[in-house]
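# Structural overview for review
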Amino acid sequence: MDKMEEYEQHKNWIVEQMIACEMGTLSDKFRTLFLDMVEENKEHDLFIDAFKTFDDIKSFKKYKK
């Protein structure tokens, strides 16, 4: 796996966790840990890209309705 694939895989994992947070399917403990990690790393390019992807998904879902 090259660096770009690894980056995409990590970004997708972050987005999946964001969706799970919004849907309420994460345990309280994991949700808290995940949100702390997001807060600590929100300026990192990986997280910025994940936020953009998450926003795109939410926009698409609204458009689709």
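Refer to the preceding data block for the structure.
Anyway, here's the lowdown on the structure attached to this text. (Residues numbered from 1 in each chain as written. Predicted model: local features only at pLDDT ≥ 70, side-chain atom pairs only at ≥ 80, totals over all residues. Heavy atoms only, no water.)

### Quick look at the pattern of salt bridges
One pass over the structure, following the stated rule, counts four salt bridges. The salt bridge involving Glu 22 is made with Lys 58; its shortest N-O contact spans 3.5 Å. Of this pair, Glu 22 sits in helix α1 (residues 3–23) while Lys 58 is found in helix α3 (residues 45–64), placing the two residues 36 residues apart along the sequence. With a relative accessible area of 52%, Glu 22 lands in the exposed category. Residue Lys 58 is classed as partly exposed on the basis of its relative accessible area, which comes to 29%. Between Lys 52 and Asp 56 there is a salt bridge, with its nearest N and O atoms 3.2 Å apart. Of the two residues, Lys 52 and Asp 56 both sit in helix α3, four residues apart, roughly one turn of that helix. The exposure class assigned to Asp 56 is partly exposed, which follows from its relative accessible area of 42%. (Salt bridge = Lys/Arg side-chain N within 4 Å of Asp/Glu carboxyl O. Helix = DSSP H or I, 4+ residues; strand = E, 2+ residues; numbered from the N terminus. Buried < 20%, exposed > 50% of the residue type's maximum accessible area, 1.4 Å probe, protein only.)

### A look at the packing of aromatic side chains
A full pass over the atoms with the stated rule returns three aromatic pairs. Seen from their ring centres, Trp 13 and Phe 30 are 6.4 Å apart, and the 85 degrees between their planes marks the pair as edge-to-face. Here Trp 13, found in helix α1, pairs with Phe 30, found in helix α2 (residues 28–41); they are 17 residues apart in sequence, far enough to count as distant. You can call Trp 13 partly exposed: its relative accessible area is 37%. The class for Phe 30 is partly exposed, based on a relative accessible area of 31%. An aromatic cluster is defined as three or more aromatic residues linked by ring pairs; in this entry it consists of Trp 13, Phe 30 and Phe 34. (Phe/Tyr/Trp six-rings, centres within 6.5 Å; stacked < 30°, edge-to-face > 60°.)

### Notes on α1
Taking 1.5 Å of rise per residue, 21 residues should cover 30 Å, and α1 covers 30 Å from first to last C-alpha, within 8% of that figure. Burial in α1 covers these residues: Lys 11, Ile 14, Val 15, Gln 17, Met 18, Ala 20 and Cys 21. The N-cap of α1, judged by a side-chain oxygen 3.2 Å from the amide nitrogen of Met 4 a few residues on, is Asp 2. Phi turns positive, to about 80 degrees, at Gly 24, one or two residues after α1. (Expected span 1.5 Å × (residues − 1). Polar contact = N/O pair within 3.5 Å; in protein donor to acceptor, adjacent residues only side chain to side chain.)

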